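# What the coordinates show
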Amino acid sequence: MFSVKRILNIMAVMLAISASSCGDSDVFTVSGHMAGDETQSLRIVYYGRNAVQTINAGARDGKFMIEGDAPSPAIIDILANDGRLIGQIYASNGDEIQCDINRSQPWKISISGNPVSEAWAKFIRDNEEAYKERDSRLLNKAVESYVKANPKNVLSAVLVVTTYDAASDPAAAQRLLESIDPSAKPVSVVEGYASMLASMAVCGGDGRMRPFRYYARRSGNSTFEPSVHPLTLLSFTSASGKPRPDSIVDALKSAHRRYGKRRLHVLDIGFDAADTFAWRQAVRPDSALWTQGFCPGSIMTPGIDSLAIPSLPYFIVADSAGVQLYRGTSVSDACATVDSILK
């Protein structure tokens, strides 16, 4: 399954106006080696030829070679056999990219073949701790510093689109994007992202929550209706990969115990799991008394699609009219909003 971040990146590029061909060949190639000499299936996902392209390949004894077709510059995701993102590359037809990938430690990636991809890999290695902890605040600061120092480098635009967390302040993300020199913003990369930021700004202002359907752990097919609850704390997290951070589970548990379901509806939605069985396995350790649900459609689920959720985890506090009182990546800030209303 795609992660929300990857889906949003692909959606952003799909909204772009196709640029003219920029390579000297009809294809690009990505070849390299995986740490540990692993043998497994791989695939790459990117937007090219006016469609999302998925290409399957295999690594044998750690070595792999993948060929694709991207007339315009594209952000290329390399996925492991379990769907995890293990590498990202910027390339277009004519490029021959070589990379060393560590599946268990993707922040150790090394790339050669074009200057943007090489600089991207270096940026990731230089900010290893932020990537390792998936700390959006540290990553945002790193991206801001890079953009400020390199406004004429295409990597600045790539980092804003792929790495910068615009959830808490879409306007700041828009300003950051606008600070980049036009020559360093390929249309095929940034056009759709600007549209996504505009959507996020609307959702963060007067945007109202709409009903949406989900599969509840205890009651099966269910519908979220904002008007049924005086206040709702919504948590959107990934139900694939490693277990969710204890800080999120503990915060949801504490909020539910503190106010009870009559005053506060805690709705914990999981994305990215392969199916309901995998999702149940992921949330089983939580021992949750609050409502847990699964949306197979991820961010494209009708009713959720209008929320412009940019990354996971993500939290929204909404009242009975569907007004979003808080939206952002901090469960602590979301709970503080709840406290300010109910205490």
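Going by the structure above, here's the rest.
Read on for a plain summary of the structure. (Residues numbered from 1 in each chain as written. Predicted model: local features only at pLDDT ≥ 70, side-chain atom pairs only at ≥ 80, totals over all residues. Heavy atoms only, no water.)

### Overview of helix α6 (residues 170-178)
- Every buried residue of α6 is listed here: Pro-170, Ala-172, Ala-173, Leu-176 and Leu-177. Seen along its axis, α6 keeps its buried residues to an arc of 160 degrees; they face one direction. Across from the buried face of α6, at angles greater than 90 degrees, the exposed residues are Arg-175 and Glu-178. (Buried < 20%, exposed > 50% of the residue type's maximum accessible area, 1.4 Å probe, protein only. Helix = DSSP H or I, 4+ residues; strand = E, 2+ residues; numbered from the N terminus. Arc of directions from axis to C-beta.)

### A closer look at the sheet that holds strand β8 (residues 110-112)
- Overall, mixed pairing links the four strands, which are arranged β4-β1-β7-β8 in an open sheet. Either end of the sheet is taken by a strand with one partner, and the two such strands are β4 (63-68) and β8. Adjacent strand axes in the sheet meet at a mean angle of 15 degrees when their direction is disregarded.
- Where strand β1 (residues 28-34) and β4 come together, six bridges link them in antiparallel fashion. Bridge pairing in β4 links Ser-31 to Met-65.
- Together, β7 (96-101) and β8 form the strand contacts of helix α2 (residues 115-126), whose direction differs from that of β8 by roughly 165 degrees. (Pairing = 2+ DSSP bridges. Axes fitted to C-alpha atoms, helices over the stretch in contact; angles between N-to-C directions. Contact = heavy atoms within 4.5 Å.)

### Looking at the environment of Thr-39
- Note on placement: Thr-39 falls in the loop between β1 and β2 (40-48).
- Not counting residues up to four positions away in its chain, the partners in contact with Thr-39 are Ala-59, Arg-60 and Asp-61.

### Quick look at the pattern of salt bridges
- Enumeration according to the criterion identifies eight salt bridges in this entry.
- A salt bridge links Glu-128 to Lys-108; its shortest N-O distance comes to 3.8 Å. One end of the pair, Glu-128, is in helix α3 (residues 128-133); the other, Lys-108, is in the loop between β7 and β8, with 20 residues separating them in the sequence.
- Here Asp-333 ties to Arg-137 by a salt bridge, and the two come within 3.7 Å at their closest N and O atoms. Here Arg-137 lies in helix α4 (residues 136-149) and Asp-333 lies in helix α10 (residues 331-342), a separation of 196 residues in the sequence. (Salt bridge = Lys/Arg side-chain N within 4 Å of Asp/Glu carboxyl O.)

### Examining the sheet that holds strand β9 (residues 212-216)
- Ordered in space as β10-β9-β13-β12-β11-β14-β15, the seven strands form an open sheet in which the pairing is mixed. One side of each edge strand has no neighbouring strand; the edge strands of this open sheet are β10 (220-224) and β15 (324-328). The average undirected angle you get between the axes of adjacent strands in this sheet is 30 degrees.
- Across two bridges, β9 lies against strand β13 (residues 291-294) in antiparallel orientation. Pairing of Ala-216 across the sheet is with Gly-293, part of β13.
- Against the sheet, helix α8 (residues 246-263) makes contact with β11 (231-238), β12 (265-271) and β14 (314-319), and its axis sits at roughly 155 degrees relative to β11, the strand it touches most.
- Its contacts with the sheet put α10 on β11, β14 and β15, and the angle it makes with β11 is roughly 175 degrees.

### Some details on the packing of aromatic side chains
- Under the definition given, this model contains six aromatic pairs.
- A ring pair is formed by Phe-123 and Tyr-131, whose centres lie 6.4 Å apart and whose planes are at 90 degrees; its orientation type is edge-to-face.
- Among the aromatic residues, ring-to-ring pairing joins Phe-123, Tyr-131 and Tyr-146 into one connected group. (Phe/Tyr/Trp six-rings, centres within 6.5 Å; stacked < 30°, edge-to-face > 60°.)

### With respect to the nonpolar core
- The biggest cluster of nonpolar side chains holds 55 residues, and the ones touching the most others in it are Phe-64 and Ile-89.
- Among the elements that line this core, the one with the most residues is helix α5 (residues 154-162), at seven residues.
- Dropping the residues within four chain positions of it, Phe-64 is found in contact with Val-30, Ser-31, Gly-32, His-33, Met-34, Leu-42, Gly-58, Ala-59, Cys-99 and Ile-101.
- If you look at the next biggest cluster of nonpolar residues, it comprises 20 residues, including Ala-255, Val-266, Val-317 and Cys-335. (Core = buried A, V, L, I, M, F, W, Y, C linked by side-chain atoms within 4.5 Å.)

### Structural notes on α8
- For α8, built from 18 residues, the straight-helix expectation of 26 Å at 1.5 Å per residue is met to within 8% by its first-to-last C-alpha distance of 24 Å.
- Approximately 65 degrees is the largest bend angle found in α8, and it occurs at Arg-257.
- Of all the residues in α8, the buried ones are Ile-248, Val-249, Ala-251, Leu-252, Ala-255, His-256 and Tyr-259.
- Here the buried face of α8 lies against β11, β12, β14 and α10. (Expected span 1.5 Å × (residues − 1). Bend = angle between axes of the 7 residues up to and from the residue.)

### Quick word on unusual backbone geometry
- Even without being a glycine, Asp-37 presents a positive backbone phi close to 50 degrees.
- By the secondary structure assignment, Asp-37 is in the loop between β1 and β2.
- The residue Asp-61 is not glycine, and still its phi comes out positive at about 55 degrees.
- Within the secondary structure, Asp-61 sits in the loop between β3 (51-59) and β4.

### Concerning the packing of α4 against α5
- The geometry of α4 relative to α5 is characterised by a closest axis approach of 9 Å and an angle of 155 degrees between their N-to-C directions. One finds that α4 runs roughly antiparallel with respect to α5. Between α4 and α5 the crossing geometry is left-handed. Every residue of α5 that contacts α4 at Val-143, Tyr-146 and Val-147 is listed here: Leu-155, Ser-156, Leu-159 and Val-160.
- For the contact of α4 with α5, the class distribution of residues is six nonpolar, one polar and no charged. (Parallel < 35°, antiparallel > 145°, perpendicular 65-115°, else oblique. Left-handed = near helix turned anticlockwise from the far one by under 90°. Nonpolar A, V, L, I, M, F, W, Y, C, P; charged D, E, K, R; others polar.)

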